[in-house]
Amino acid sequence: MTKDVKERERVVVRFAGDSGDGMQLVGSRFTDATAVLGNDLATLPDFPAEIRAPAGTLAGVSAFQIHFASRDILTPGDRPNVLVAMNPAALKANLGTLEKGGMLIVNEDSFGDNNLKKAGYERNPLEDGSLDDYQLVRVPMTTLTVRATEGIDGLMSKDAQRCKNLFALGLLSWMYGRPTDVSEEWIERKFAAKPAIKAANLAAFRAGYNFGETAELLGVHYEVKAAPAEPGTYRNVNGTTATALGLIAASVRSGLPLFLSSYPITPASELLHELSRHRRFGVRTMQAEDEIAAASIALGASFGGQLGVTSTSGPGLDLKAETIGLAVALELPLVIVDVQRAGPSTGMPTKTEQADLLMAMYGRHGESPLPVVAASTPAQCFEAAIEAVRIAVRYRTPVILLTDTFLANSSEPWRLPEVSELPEIDPAFATEHNTEGGFWPYKRDERLARPWAIPGTPGLQHRIGGLEKQDLTGNISYDPENHERMTRLRAAKVAKVAEDAPPIHVDRVEGAEVLVLGWGSTYGAIAAAVRRVRRGGGKVDQAHLHLLNPLPRDLGELVRSYRKVIVPELNMGQLVKVVRAEYLVDADSVTKVRGLPFFTAELEEAIRERL
Amino acid sequence: MPDVKVNGANGGSPLPTLTKKDFSSDQETRWCPGCGDYAILATVQSVLPELGVPPERTVFVSGIGCAGRFVYYVDTYGIHGIHGRAPAIATGIAVSRPDLSVWVVTGDGDALSIGGNHLIHALRRNVPLRILLFNNQIYGLTKGQYSPTSEQGKITKSTPFGSQDHPFNPIALALGAEASFVARTVDVDRGHVAEVLRAAAAHRGSAFVEIYQNCNVFNDGAFEPVREKGVREANQIRLEHGKPIRFGREGERGVARGADGGLEIVEVAEVGEDALLVHDAKRPDPSLAFELAHLAERPTGPTPIGVFRAVERPVYAEELGRELAEAHRRADAEQLAELLRSGDTWTVPAA
């Protein structure tokens with residue numbers, strides 16, 4: 001039977017199931033096949049907060065959303081066009097996101113009384129007409145999977161049923177013409193040591209694919225052509241991996257061994273896990289006894305002449321504040337990666353938010369300024385990490401790198417850079433006396449950075465500490481004038497970081513009098529919304545900040561040149577406060593604090609209302 | 001990083017050119033006149049030149065409190081850190097730079113109250129640190145509040161009706177954290193301090209040394225029975241590995257195992273020399289050291305000093321450090337490019 005092929009410019013698919021159903025795996029496999037096909041894409045995993053919530057319950061639902069297109073796209077998509085629901089709980093938890101008229105593919109085998117009850121359904125939604133607004137496709141995935149895997153030597157029936165996620169992957173792969181070899185090769189590799197499981201997964205995947213091709217249920221399938229892209233080699237990457245690779249690249253470029261000291265905390269633990277795999281690059285990871293120790297150990301490593309990095313999230317940043325303050329006083333390089341999550345306190349650990357900006361900028365006692373860098377997209381975490389290291393090493397200062405849960409978990413295609421084009425980072429260790437017959441640890445260079453003399457260097461022994469230091473010599477000083485001078489010197493040094501920043505890139509249209517100014521992970525949603533506003537005839541410019549402290553030198557002039565400045569943020573309005581305070585500009589705030597990223601549609605509306 | 005040769009605290013030979021002066025900074029020492037810290041500083045400065053580690057390979061890290069100032073007075077590399085965190089900062093230094101000899105100077109409030117967590121974890125990991133805990137049983141720098149080693153009922157500014165807290169026994173705490181080297185000494189007893197410091201310096205892994213230190217302003221006389229000439233001869237129980245535990249002006253008293261299985265103080269004349277317990281600091285199980293730690297809950301009478309425990313166990317990440325250093329040296333641009341390319345990649349050709 002030949003089926004119709006329809007072309008689609010862009011599609012959003014959401015896979016949802018119980019956390020034991022392997023939805024993240026299906027999503028990742030579908031993503032890789034999509035990437036290899038050459039579509040532009042963006043993904044968003046949505047994990048349950050509980051590790052092992054009771055099977056079949058709403059709390060245990062895990063989902064993965066992918067947006068792919070034949071043009072460049074910027075977000076994982078607001079509303080899915082297709083929802084795959086592996087059980088009633090997954091349907092209930094995710095139906096609200098599906099577009100009206102969208103396709104709903106369910107594993108009807110799982111809609112028994114028990115599962116319906118666990119999900120809180122009184123009647124079977126597949127039967128009661130409540131899904132009439134959608135294109136409902138009922139597929140007995142478990143039955144078909146078990147049938148497809150019959151006769152495989154040594155396969156237990158439980159293992160056979162578990163392969164139903166691969167059946168779903170096969171079916172969706174057929175629907176959107178994804179290359180099968182990418183997934184099949186992955187299965188071959190992954191289960192090489194378990195022949196029965198390998199055979200079952202391959203059989204389930206092929207059964208799903210063939211079901212699409214032959215079953216009468218699905219009349220059409222779709223083609224989403226490759227998106228035009230800059231020439232180069234690409235891979236799909238999430239923010240966690242990009243951050244890790246950026247830190248490793250900075251280590252190789254600087255010659256400084258990378259020393260990550262961290263305490264487990266969601267969602268930053270993933271960075272600890274990722275970096276722990278890279279001993280081949282001399283990366284040392286240490287799981288400290290607490291957040292404070294994690295920062296202190298990293299700072300000790302920096303004193304020893306290594307690249308000290310600590311990573312955390314939420315309450316962990318509160319705990320590190322004291323050590324970060326010490327790093328400000330010691331003027332040693334230290335990178336603190338804060339993967340922001342919803343607060344206050346424990347808040348919603350698996351949900352995203354951008355509410356640590358003011359904490360990063362001001363969250364220490366005393367006058368203790370430090371540079372703050374924020375990543376804007378999953379792949380951009382790579383550059384942001386290198387930039388954080390560059391600033392830390394060049395200026396001998398702690399630097400906070402802000403990412404967030406959304407960036408950490410989302411993925412997008414990344415055009416691989418040439419290693420030779422990455423920034424040079426020179427630790428420029430002090431090796432000689434810098435004053436008549438001695439060494440002054442606080443004698444600064446033209447950027448106001450102090451010398452970094454590491455233990456083992458003869459003749460440069462020195463003592464530094466949290467007590468206020470005399471200018472130049474670093475000796476303890478309570479002199480009033482000296483304290484004022486040192487306070488101003490530390491601030492001036494951090495301010496100098498802005499001199500390295502390139503001019504702010506503004507995406508302009510002719511005649512725009514309104515600027516949308518963002519920072520961090522909202523880049524994609526803002527850019528997509530701005531595009532839509534422009535398509536509707538609205539004239540609006542867009543700029544996005546990567547250096548948050550100090551602010552770029554041309555920002556004041558830029559924001560003053562517009563009739564209106566709109567600042568969308570996933571907090572109660574933090575950057576907007578800074579912009580208003582720094583530049584006396586009546587900037588307008590758009591905020592959201594739901595633990596979710598901005599949707600393009602809601603930002604589009606918010607911008608339009610303010611034009 | 002410059003190419004560094006491993007020159008451990010214990011392995012190197014004495015450098016004949018080094019003297020106390022090489023480890024003395026030009027900073028004026030500023031503790032209260034009569035403070036026990038002066039004696040400790042002088043002994044440390046006189047022992048360091050013997051250890052075969054030049055000043056540039058020696059690092060002192062301290063926390064907050066009177067003891068914290070120590071780092072400014074030794075002409076080595078040093079960090080005066082934040083309250084309680086010295087063991088963590090020092091861990092970062094020692095782990096990243098195994099070629100250095102790293103010392104921590106801390107106090108009873110710093111190490112046992114605000115920094116208790118870092119202390120026990122450094123000890124259990126067996127990070128190569130020499131941790132000197134100056135115990136004066138009081139908060140000195142904040143002008144006289146009770147500390148985690150002050151006796152219950154202690155009357156201070158913050159406890160005018162007497163403290164309610166049961167004190168820590170620092171030796172027992174270190175043993176509980178599985179410290180591989182645990183010792184105690186007394187500030188003014190310079191010969192004994194030097195001996196203990198040498199043993200600590202020679203130890204591989206964490207060496208924990210409690211130093212009874214008199215605060216003559218806020219807690220004068222706290223250690224008088226084991227510190228003051230004329231009485232200390234009767235009360236110091238000097239532990240020596242492999243020797244019977246006996247003490248007193250004439251060695252007339254000793255420690256033996258009692259009928260109930262616990263340790264007790266005995267008259268040698270009554271029980272005979274053979275009944276005395278022979279000290280074994282190298283026993284793999286810490287139970288004897290723990291019993292000795294509890295022989296005197298407070299330094300108010302006969303109190304053991306010296307090395308309670310000195311055992312060999314793996315030093316934190318020693319082998320791994322060598323592997324990582326080698327891997328880092330080999331990592332180059334080509335290897336980095338290969339890492340970036342790992343996983344599924346695809347190529348968009350130039351149009």
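Residues numbered from 1 in each chain as written. Chains lettered and ligands numbered in written order. Predicted model: local features only at pLDDT ≥ 70, side-chain atom pairs only at ≥ 80, totals over all residues. Heavy atoms only, no water.

**Things to note about the overall build of chain A**
- Assigned secondary structure in chain A consists of 20 helices and 23 strands.
- A globule of 611 residues ought to have a C-alpha radius of gyration of about 25 Å, and chain A, at 27 Å, matches this closely.
- Seen through its C-alpha atoms, chain A measures out along the principal axes to roughly 90 × 60 × 45 Å.
- Relative to its full complement of 611 residues, chain A shows a buried share of 62%. (Helix = DSSP H or I, 4+ residues; strand = E, 2+ residues; numbered from the N terminus. Rg over C-alpha atoms; globule rule 2.2 N^0.38 Å. Buried < 20%, exposed > 50% of the residue type's maximum accessible area, 1.4 Å probe, protein only.)

**Notes on helix α7 (residues 180–190) of chain A**
- Among the residues of α7 of chain A, those classed as buried are Val182, Ser183, Glu184, Trp186 and Ile187 of chain A.
- Packing partners of the buried residues in α7 of chain A comprise α1 (23–37), α6 (164–175) and α8 (195–214) of chain A. (Contact = heavy atoms within 4.5 Å.)

**Some words on the sheet that holds strand β19 (residues 514–519) of chain A**
All names here are of chain A.
- If you trace the five strands from one edge of the open sheet to the other, you get β18-β20-β19-β22-β23, paired in mixed fashion. Each edge of the open sheet carries a strand with a single partner, namely β18 (506–507) and β23 (588–591).
- Across four bridges, strand β22 (residues 564–569) lies against β23 in parallel orientation. When the sheet's bridge partners are listed, Pro568 is paired in β23 with Val590.
- Contacting β19, β22 and β23, helix α20 (residues 600–610) crosses the sheet at an angle of about 160° to β23. (Pairing = 2+ DSSP bridges. Axes fitted to C-alpha atoms, helices over the stretch in contact; angles between N-to-C directions.)

**A look at the interface of chain A and chain B**
- Residue-level contacts link 74 residues of chain A with 60 residues of chain B.
- In this assembly, chain A packs against chain B so that about 5,700 Å² is buried in total across both faces, 63% of it on carbon and sulfur atoms.
- Contact with chain B buries area across many residues of chain A, yet Arg284, Glu289 and Arg463 of chain A alone supply 13% of it, more than any other trio.
- Across the contact surface, chain A and chain B share four salt bridges. (Buried area = accessible area lost by both parts, 1.4 Å probe. Salt bridge = Lys/Arg side-chain N within 4 Å of Asp/Glu carboxyl O.)

**Quick look at the pairing of strand β6 (residues 103–107) of chain A**
Residues and elements named next belong to chain A.
- A large share of β6 lies buried, amounting to five of its five residues.
- Of the two faces of β6, the one carrying Met103, Ile105 and Asn107 and the one carrying Leu104 and Val106 are both buried.
- Of the pairings in the sheet, the one linking strand β5 (residues 82–85) to β6 comprises four bridges and is parallel in character. Bridged to Val84 within β6 is Ile105.
- Crossover handedness for the path β5 to helix α2 (residues 88–94) to β6: right-handed.
- Considered for its hand, the β-α-β crossover made up of β6, helix α3 (residues 113–118) and strand β7 (residues 135–139) is right-handed. (Right-handed = clockwise from strand over helix to strand, strands pointing away.)

**A closer look at the packing of aromatic side chains**
Residue and element names in this part refer to chain B.
- According to the stated counting rule, one finds 16 aromatic pairs over all chains in the structure shown.
- Geometrically, the ring pair formed by Trp31 and Phe70 is tilted, given 6.3 Å between the ring centres and 40° between the ring planes. Residue Trp31 is located in the segment before α1 (36–47), and its partner Phe70 is located in the loop between β1 (58–62) and β2 (77–80); the two are separated by 39 residues in the primary sequence.
- What makes Trp31 buried here is its relative accessible area of 8%.
- A relative accessible area of 0% places Phe70 in the buried class.
- For the ring pair Phe60 and Phe70, a centre distance of 5.7 Å and an interplane angle of 35° mean the geometry is tilted. Separated by ten residues along the polypeptide, Phe60 in strand β1 and Phe70 in the loop between β1 and β2 bring together distant segments of the chain. Each of the two residues, Phe60 as well as Phe70, counts as buried.
- Among the aromatic residues, those joined into a ring-pair cluster are Trp31, Tyr38, Phe60, Phe70, Tyr73, Trp103 and Phe134. (Phe/Tyr/Trp six-rings, centres within 6.5 Å; stacked < 30°, edge-to-face > 60°.)

**Thoughts on the sheet that holds strand β8 (residues 246–247) of chain B**
All names here are of chain B.
- On the basis of which strands lie adjacent, the open sheet formed by three strands has the order β8-β9-β10 and antiparallel pairing. Each of the sheet's edge strands pairs with one partner strand only, and the pair in question is β8 and β10 (263–267).
- Two strands pair when backbone bridges link them, and strand β9 (residues 253–257) and β10 are joined in this way by five bridges, in the antiparallel orientation. The partner of Arg257 across the bridge, within β10, is Leu263.

**Section: the packing of α1 of chain B against helix α6 (residues 190–202) of chain B**
Residue and element names in this part refer to chain B.
- Close contact between α1 and α6 brings their axes to 10 Å; oriented N to C, the two are set at 50°. Judged by the inter-axis angle, α1 sits oblique to α6. As α1 runs across α6, the sense of the crossing is right-handed. For the pair formed by α1 and α6, the contact residues are Ala39, Ala42, Thr43, Val44 and Val47 on the first element and Arg190, Val193, Ala194, Leu197 and Arg198 on the second.
- Residues that form the contact of α1 with α6 fall into these classes: seven nonpolar, one polar and two charged. (Parallel < 35°, antiparallel > 145°, perpendicular 65-115°, else oblique. Left-handed = near helix turned anticlockwise from the far one by under 90°. Nonpolar A, V, L, I, M, F, W, Y, C, P; charged D, E, K, R; others polar.)

**Looking at the packing of α7 of chain A against α8 of chain A**
Residue and element names in this part refer to chain A.
- The N-to-C vectors of α7 and α8 enclose an angle of 160°; their axes lie 9 Å apart at closest approach. Accordingly, the angle class assigned to the pair α7 and α8 is roughly antiparallel. Crossing of α7 against α8: the hand is right-handed. Residues Thr180, Ser183, Glu184, Ile187 and Glu188 of α7 form the contact with α8, whose own contacting residues are Lys198, Asn201, Leu202, Phe205, Arg206 and Tyr209.
- Counted by class, the contact of α7 with α8 contains four nonpolar, three polar and four charged residues.

**Quick look at the side chain of Asp404 of chain A**
Residue and element names in this part refer to chain A.
- Counting through the fold element by element, Asp404 comes out in strand β15 (residues 398–404).
- The side chain of Asp404 sits in the buried core without any salt bridge; Lys592 is the nearest counter-charge, 12 Å away.
- There is a polar contact of 2.8 Å between the side chain of Asp404 and the backbone nitrogen of Leu407.
- Look past the residues within four positions of Asp404 in its chain and what remains in contact with it is Val339, Gln340, Thr352, Glu353, Gln354 and Ser521. (Lys, Arg positive; Asp, Glu negative; His and termini not counted. Polar contact = N/O pair within 3.5 Å; in protein donor to acceptor, adjacent residues only side chain to side chain.)

**Here's the deal with the environment of Thr347 of chain B**
- Turning to its location among the elements, Thr347 of chain B is positioned in strand β12 (residues 345–348).
- Thr347 of chain B gets classed as exposed once you look at its relative accessible area, which sits at 56%.
- Each C-alpha atom of the pair Thr347 of chain B and Ser163 of chain B lies 72 Å from the other, and the pair is 184 residues apart in sequence.
- The residues touching Thr347 of chain B, leaving out its near neighbours within four places in the chain, are Gly232 and Thr233 of chain A.

**A short note on the confidence of the model for chain B**
All names here are of chain B.
- Averaged over all residues, the pLDDT of chain B is 94; the fraction at 70 or higher stands at 95%.
- Contacts from residues 1–12, a stretch scored under 50 in pLDDT, to residues over four places away or in other chains number 30 contacts.
- We note a pTM of 0.95 for the whole complex and an ipTM of 0.95 for its interfaces. (pLDDT = per-residue confidence, 0-100.)

**Brief notes about the nonpolar core**
- By size, the foremost hydrophobic cluster in this structure holds 162 residues, and its most contacted members are Leu517 of chain A together with Leu336 of chain B.
- It is helix α14 (residues 380–395) of chain A that provides the largest number of residues to this core, a total of eleven residues.
- Apart from residues lying up to four places away in sequence, Leu517 of chain A is in contact with Ala543, Leu545, Leu555, Val559, Val565, Ile566, Val567, Pro568, Leu575 and Val579 of chain A. (Core = buried A, V, L, I, M, F, W, Y, C linked by side-chain atoms within 4.5 Å.)

**Details of the pattern of salt bridges**
All names here are of chain B.
- Evaluation of the coordinates by the stated rule reveals 60 salt bridges over all chains.
- Lys243 is paired through a salt bridge with Glu240; the nearest N and O atoms lie 3.3 Å apart.
- Classification of Lys243 by relative accessible area gives partly exposed; the value is 44%.
- Take Glu240: its relative accessible area is 39%, and that puts it in the partly exposed class.

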